[in-house]
Amino acid sequence: MTSTPPPSGPRHFLDLADFDAATLRAILDQAVALKAALARGERPPLLADKVLAMIFERQSTRTRVSFDVGMRQLGGQTLMLTGAEMQLAREETLADTARVMSRYVDAIMIRIISHDDLLELAGAATIPVINGLTHRSHPCQVMADILTYEEHRGPIGNARVVWVGDANNVLASWVHAVKLFGGTLVISTPPEYGPDQALLADIESSGGAVTMVRDPVQAVDNADLVIADTWVSMGDTDADERRRVLRPYRVDQALMDKTAPRSLFMHCLPAHRGDEVVAEVIDGPRSVVFDEAENRLHVQKAILCWVFDVGFVGS
Ligand code: CP
Ligand code: NVA
């Protein structure tokens, strides 16, 4: 608990683009160490007495449960809140909410559609704020994705990653990640659901690491990793139109057959079998979606350690 910000300000985890590669690599290294410790039955109480408030403006299974369990494994505690039951529902501002909560708890993890709302909360908080998904980005997810890829196939910097579907929050964090970690990212979206101006600027400044290929069959050529996500993200209102336009971007076995021999398939979940991916692929041998889901736990424990500046491997 704190009523005044530390001299350097709180250590927020809002977007991968806010970080340098070395810091994100240290967080991944910490995740590997914490995962190995847990496998040995060790639960280092690095966050004893810390309280994480979790605010969910939208549904969640993985983010909610993995942050809650992760805090408990590190000796901390959590508060589970929803905007609907807070005074946020009666127009108290995010900034005032942040100022008040900064007097009670040690960090906030929030899932909220508006990225500007996340920034308002973080700007007023004197404690760390973690982005648990906005409509613009999902950095915790992509940290888990990278950990998962590297466990199976080695450095992400050597990977050809292909995104198939609409341009959404998970993709934006993948663009940020590739710019920091290296590797290449090919984005295959229909024109109707391609990157917005902000993401296009990120793509253009990637030095060629991120490219766009409209045709999904061409895009996945020699891919090491194919990623799909729901065609209708939380906050999207045009579900029927999305399903119609995105139909050619379904990941099926014929598409996976165009990829590299040892390619993997990822999906952040929840999945809609028969829409963005067929069951044969997501339930098939190339799919690592449940390793990906598990790694949310390990990587978020490392993110929590980073925001609280404790337990860092090699520091
Ligand atoms: N992938 C992910 O963030 O899942 P939840 O929506 O269940 O948290
Ligand atoms: N793109 C999806 C991710 C869900 C975890 C959404 O925003 O709904």
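Details of the structure are given in the entry above.
So, how was this worked out
Residues numbered from 1 in each chain as written. Chains lettered and ligands numbered in written order. Predicted model: local features only at pLDDT ≥ 70, side-chain atom pairs only at ≥ 80, totals over all residues. Heavy atoms only, no water. Near = heavy atom within 4 Å. Polar contact = N/O pair within 3.5 Å; in protein donor to acceptor, adjacent residues only side chain to side chain. Areas by Shrake-Rupley, 256 points an atom, 1.4 Å probe, with all protein chains shown as cover. Nonpolar A, V, L, I, M, F, W, Y, C, P; charged D, E, K, R; others polar. Phe/Tyr/Trp six-rings, centres within 6.5 Å; stacked < 30°, edge-to-face > 60°. Buried < 20%, exposed > 50% of the residue type's maximum accessible area, 1.4 Å probe, protein only. Pairing = 2+ DSSP bridges. Helix = DSSP H or I, 4+ residues; strand = E, 2+ residues; numbered from the N terminus. Axes fitted to C-alpha atoms, helices over the stretch in contact; angles between N-to-C directions. Contact = heavy atoms within 4.5 Å. Core = buried A, V, L, I, M, F, W, Y, C linked by side-chain atoms within 4.5 Å.

**Student:** Quick question: what am I supposed to make of the site of ligand 2 here?
**Tutor:** Around ligand 2, a shell composed of Leu133, Asn168, Asn169, Asp229, Thr230, Ser233, Met234, Cys268 and Leu269 is seen. Asparagine 169 has a polar side-chain atom sitting 2.8 Å from an oxygen atom of ligand 2. A distance of 2.7 Å separates a nitrogen atom of ligand 2 from a polar side-chain atom of aspartate 229. About the coverage of ligand 2: the protein hides 94% of its 270 Å² of free accessible area. For the shell around ligand 2, the class distribution of residues is four nonpolar, four polar and one charged.

**Student:** Explain the packing of aromatic side chains to me, please; I cannot follow it from the model alone.
**Tutor:** A complete count under the given rule lists two aromatic pairs for this structure. Where phenylalanine 13 meets phenylalanine 19, the ring centres are 5.1 Å apart and the plane angle is 45 degrees; that geometry is what we call tilted. Each member of the pair phenylalanine 13 and phenylalanine 19 is classed as buried. Here a set of aromatic residues connected by ring pairs shows up, and it is made of Phe13, Phe19 and Trp306.

**Student:** Explanation requested: the sheet that holds strand S4 (residues 129-131) in the structure shown.
**Tutor:** In space, the four strands of this open sheet follow the order S2-S1-S3-S4, with parallel pairing throughout. Two strands in the sheet have a free side with no partner beyond their single neighbour: strand S2 (77-82) and S4. When the angles between neighbouring strand axes are averaged without regard to direction, this sheet yields 20 degrees. The pairing of strand S3 (residues 107-111) with S4 spans three bridges and is classified as parallel. Bridge assignment links isoleucine 110 to a residue of S4, and that residue is asparagine 131. Most of the contacts of helix H2 (residues 62-73) go to strand S1 (residues 51-56), to which it runs at about 175 degrees, and overall it touches S1, S2, S3 and S4.

**Student:** Sorry, what's going on with the nonpolar core here?
**Tutor:** Buried together is how nonpolar side chains tend to be arranged in soluble globular proteins. Counting residues in each nonpolar core, the largest one holds 58 residues, and the members touching the most others are Phe13, Ile27, Ile130, Trp174 and Leu185. If near-sequence neighbours (up to four positions away) are discounted, isoleucine 27 is found in contact with Phe13, Met143, Val299, Ala302, Ile303, Trp306 and Phe312. Formed by 23 residues, the second largest nonpolar core is a distinct cluster that contains Val220, Leu269, Val277 and Val281.

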